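Structural overview for review
The lines below spell out each chain.
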Amino acid sequence: MSDAGSSSITVPEGFTLHTENTSHILISSKEEAFLNPVQEFNRDLSVACIRVWSEEINREKEAKWKQAQERRAKEGAESTEPSHAPEDELPGDISTTGSTSEGNKREYRSHKFVLLEALSATGLRSIRYAKEIPLVRFVIANDLSASATAAMKRNVELNGLGPSSSDPADSASSSVVSEHQPLPDRGKVRINEGDACALMYNHRTEKTRVDVVDLDPYGTAAPFIDGAVQCVNDGGLLCVTCTDLSVLATTNYPEKCFSNYGGIPVKAEYCHEAALRLVLNTLSTSAGRYGRYIEPLLCLSIDFYVRLFVRVHSAPIEVKKAASKTAMYYICQGCQSFYEQPLGRMVEKAHERFGNVNLLFKTQAGPPVPQKCTECGSALHVAGPMWSGPLHNNGFISKVLEHLESNQDKYGTAVRMKGMLTVANEELHVPFYFTPSRIAGLFHSICPPLDDVASALLNGGHCCATRQDVHDVFRSWVKKHPVRMDKVSETSLARQLLSKEARTEANFTRHPRSVTQASKVKLVRYQQNPAPNWGPGTKADSGTKRKREEGDE
């Protein structure tokens, strides 16, 4: 998506102009910084999610501010103790408190937040954040590569987001920005050249923390997670991308997955969901070391990467619950059935006299299964530990969808965003999903319609069905649509599954809840090919390694 302003930009020799929404960047033919145009969907989704989060946290702070004002008015403190207003209303965040106007009236000032992009490359993502999210105070765009930071400076100036003092004509706008910025001459996108981890560790004290941290590395985000969970404010947003699905979503490199994420991956049709849960477990355990816990807002597996939006809070009691939201899984190598082994459990104990409910944290008994799969008799392999809690916050997704409905013209991938968000909003908050075509393949049967399978499960009272319940539905389906057993080998997995009788006969009568919103309309959930041979892209040659070698000599 482009705008009319791109026609007035002079493109120097050796550069090409790339336009995304209202932002423009110059791409050098020398590939000094990495940019993947395919990631426009990632950037569009990030802009929408961060914008909705910023509006939500602004409403939260405004509600707290109004409560403080009402309390102060009742106590008569509005006229006697005005100097304590910032600390009482929003500790450590003076910019969001009310300001004194004529008389003794106060007016709430919208909360402006600081965003840190640890690995910015060309700076396109930071530029879009600064231009498209109204409540951004400023963006810190960092990269270790000198060539990348040079490209960022060029692109930031091209979009008019650089230091305001460099352009006298912008003096009017700089006076407005100075109300919120201690350093008005640094611009709305502030470029830093340095190590991402060192930068985030420098922002881990309470007064220097930022509100949003975006990690979008080339490969794994694992080395940056510890610094990220420390430098984000309480209630802040952590946005994480991992593109190493060859490690996360297959068992080809279990040792590498364990070293990066502290867990063993899954080889099954739901391997990408397991990848999300492995990354979430890494975020949860990293945050727990510092008395913090995570709240997943939206976690998606997209093309060749995973993208997670997580809020980080501080609360000791919630940190104690992390063990009960973490589990190991026994995965059948044949029928892909899974058996959950939670690492901890919570017990609620009510006080007999006062009725207060206390939480007791206990160890979990196990294992949940014998050495062989109870469904087909195949061997099991162990996966995890990984996050077993919800992947999404339905309220947050609904707000993003509402925002998208009223701003479709602002996102080039709005159609796919709507499809992905609608499907995510309808997912159950339990692991793992299945597809009828995959299960039908195991039974060597024709594939039943999704509505028939969903209706059978709902009619059987299974809102969250086990894999055994799903297999029973297919055993009932096979009775109506027989399998040619003469074509099935004696040692076949299908023969093992069909040898068991269904515990109950499935009812395939159409259930009203089997038709979801996503199935009523045609939704786009997959990337339309933007270019030939598109994919993750080739990492840019920053010259950092060469520069270090020359320094050693």
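As the structure is a computational prediction, the values presented were derived from the model and not from experiment. (Residues numbered from 1 in each chain as written. Predicted model: local features only at pLDDT ≥ 70, side-chain atom pairs only at ≥ 80, totals over all residues. Heavy atoms only, no water.)

**Observations concerning the overall build of the protein chain**
The test is simple: Put simply, DSSP H or I for four residues or longer makes a helix, DSSP E for two residues or longer makes a strand, and each gets a number counted from the N terminus. The rule is simple: take the accessible area with a 1.4 Å probe, protein chains only, and divide by the maximum for that residue type; under 20% is buried, over 50% is exposed, in between is partly exposed. Note on definitions: a residue-residue contact is assigned when non-hydrogen atoms from the two residues lie within 4.5 Å. Method for areas: the Shrake-Rupley scheme with a 1.4 Å probe, in which residue coverage is limited to the protein chains shown.
Helices and strands together make up the secondary structure of the protein chain, namely 20 helices and 16 strands. Out of the 553 residues in the protein chain, the part that is buried amounts to 49%. Sequence separation of at least 24 residues holds for 69% of the intrachain contacts in the protein chain that already meet a minimum separation of 6. Carbon and sulfur atoms make up 51% of the accessible area of the protein chain, which amounts to about 27100 Å² in all.

**Observations regarding helix α5 (residues 146–158)**
Note on helix geometry: an α-helix contains 3.6 residues per turn, so any two residues three or four positions apart are oriented the same way. Operational definition: One less than the number of residues in a helix, times 1.5 Å, gives the span that helix is expected to have.
Taking 1.5 Å of rise per residue, 13 residues should cover 18 Å, and α5 covers 18 Å from first to last C-alpha, within 8% of that figure. Those residues of α5 lying buried are Ser147, Ala148, Thr149, Ala151, Met152, Asn155 and Val156. Packed against the buried residues of α5 are β2 (23–28), α4 (124–132), β6 (136–143) and β7 (189–193). Where α5 ends, the next residue or the one after it, glycine 160, has phi of about 70°, a positive value.

**A word on the packing of helix α13 (residues 394–406) against helix α14 (residues 414–425)**
So the rule is basically this: A fitted line through C-alpha atoms serves as each axis, taken over the contacting stretch for helices, and the angle formed by two N-to-C directions is quoted from 0 to 180°. Working rule for angles: under 35 degrees goes down as roughly parallel, over 145 as roughly antiparallel, 65 to 115 as roughly perpendicular, anything else as oblique. Left-handed describes a crossing in which the near helix is turned anticlockwise from the far one by less than a right angle; the clockwise case is right-handed. Classification used: nonpolar for Ala, Val, Leu, Ile, Met, Phe, Trp, Tyr, Cys and Pro, charged for Asp, Glu, Lys and Arg, polar for all others including Gly.
Between α13 and α14, the shortest axis-to-axis distance is 10 Å and the interhelical angle comes to 155°. The angle between α13 and α14 places the two elements in the roughly antiparallel class. Between α13 and α14 lies a crossing whose hand is left-handed. Seen from α13, the contacting residues are Asn394, Ile397, Ser398, Val400, Leu401, Leu404 and Glu405; seen from α14, they are Ala414, Met417, Lys418, Leu421, Thr422, Ala424 and Asn425. Classifying every residue of the contact of α13 with α14 gives eight nonpolar, four polar and two charged.

**Quick word on the sheet that holds strand β5 (residues 113–117)**
To summarise the sheet geometry, strands pair through backbone hydrogen bonds and adopt either a parallel or an antiparallel arrangement. Put simply, the rule is: When DSSP finds two or more bridges between two strands, those strands count as paired.
Here seven strands make up an open sheet; going across it, the order is β7-β6-β5-β8-β9-β11-β10 and the pairing mixed. The open sheet is flanked by β7 and β10 (292–302), the only strands paired with a single partner. Ignoring strand direction, the axes of neighbouring strands in this sheet form an average angle of 15°. With seven bridges joining them, strand β9 (residues 232–242) and strand β11 (residues 305–314) adopt antiparallel strand pairing. The residue of β11 that forms the bridge with leucine 238 is valine 310. Where α4 meets the sheet, its contacts fall on β5, β6, β7, β8 (210–215) and β11, and the angle it forms with β6 comes to roughly 175°.

**Looking at the side chain of aspartate 211**
Rules: For the purpose of charge, His is not counted, nor are the chain termini; Lys and Arg are scored as positive and Asp and Glu as negative. Each salt bridge in this description consists of a side-chain nitrogen of Lys or Arg and a carboxyl oxygen of Asp or Glu lying within 4 Å of one another. Pairs of N or O atoms are called polar contacts if they sit within 3.5 Å, as long as, within protein, a hydrogen donor faces a hydrogen acceptor (for residues adjacent in sequence, only side-chain-to-side-chain pairs).
The residue aspartate 211 is located in strand β8 in this model. One buried charge, aspartate 211, has no salt-bridge partner; the nearest side chain with opposite charge is lysine 61, at 6.2 Å. Within polar-contact distance, the side chain of aspartate 211 engages the backbone nitrogen of valine 114 at 2.9 Å. Within polar-contact distance, the side chain of aspartate 211 engages the side chain of asparagine 233 at 3.1 Å.

**Some thoughts on helix α1 (residues 40–75)**
With 36 residues, α1 extends 52 Å between its outermost C-alpha atoms, agreeing within 8% with the 52 Å of an ideal straight helix rising 1.5 Å per residue. Downstream of α1 by one or two residues, glycine 76 has phi in the positive range, about 70°.

**Some thoughts on the packing of α1 against α14**
For any two helices packed against each other, one specifies the crossing angle of their axes together with the interaxial distance. Two elements in contact, α1 and α14, have axes whose closest approach is 10 Å; the angle formed by their N-to-C orientations is 65°. On the basis of their axis angle, the class for α1 and α14 is roughly perpendicular. α1 and α14 meet at a crossing whose hand is right-handed. Listed contacts from α14 to Phe41, Asp44, Leu45 and Ala48 of α1 are Arg416, Met417, Met420 and Leu421. Residues belonging to the contact of α1 with α14 are distributed by class as follows: six nonpolar, no polar and two charged.

**Observations regarding the nonpolar core**
Basically, it comes down to this: Note on terminology: a nonpolar core comprises buried Ala, Val, Leu, Ile, Met, Phe, Trp, Tyr and Cys residues joined through side-chain atoms within 4.5 Å.
By size, the foremost hydrophobic cluster in this structure holds 56 residues, and its most contacted members are Met200, Val213, Leu248 and Leu280. Tallying contributions element by element places helix α11 (residues 271–288) first for this core, with nine residues. Sequence-distant contacts of leucine 280, that is, excluding residues within four places in its chain, are made with Ile294, Pro296, Cys299, Leu308, Val310, Trp387 and Leu391. In terms of nonpolar packing, the next biggest core, distinct from the first, is built from 48 residues, Phe41, Ile50, Ile133 and Val156 among them.

**Concerning the side chain of serine 46**
By the element assignment, serine 46 lies in helix α1. The class of serine 46 is buried, set by a relative accessible area of 0%. At a separation of 2.8 Å, a polar atom in the side chain of serine 46 contacts the side chain of arginine 307. Not counting chain neighbours up to four residues away, the residues in contact with serine 46 comprise Arg125, Tyr129, Arg307 and Phe309.

**Here we look at the environment of asparagine 159**
Looking at the secondary structure, you find asparagine 159 in the loop between α5 and α6 (171–177). For asparagine 159 and isoleucine 25, which are 134 residues apart along the polypeptide, the C-alpha to C-alpha distance reads 8.0 Å. Residue contacts for asparagine 159: discarding those within four places in its chain leaves Thr22, Ser23, His24, Ile127 and Lys131. Within polar-contact distance, the side chain of asparagine 159 engages the backbone oxygen of histidine 24 at 2.6 Å.

So far we have only geometry, and geometry alone does not tell us how the molecule works.
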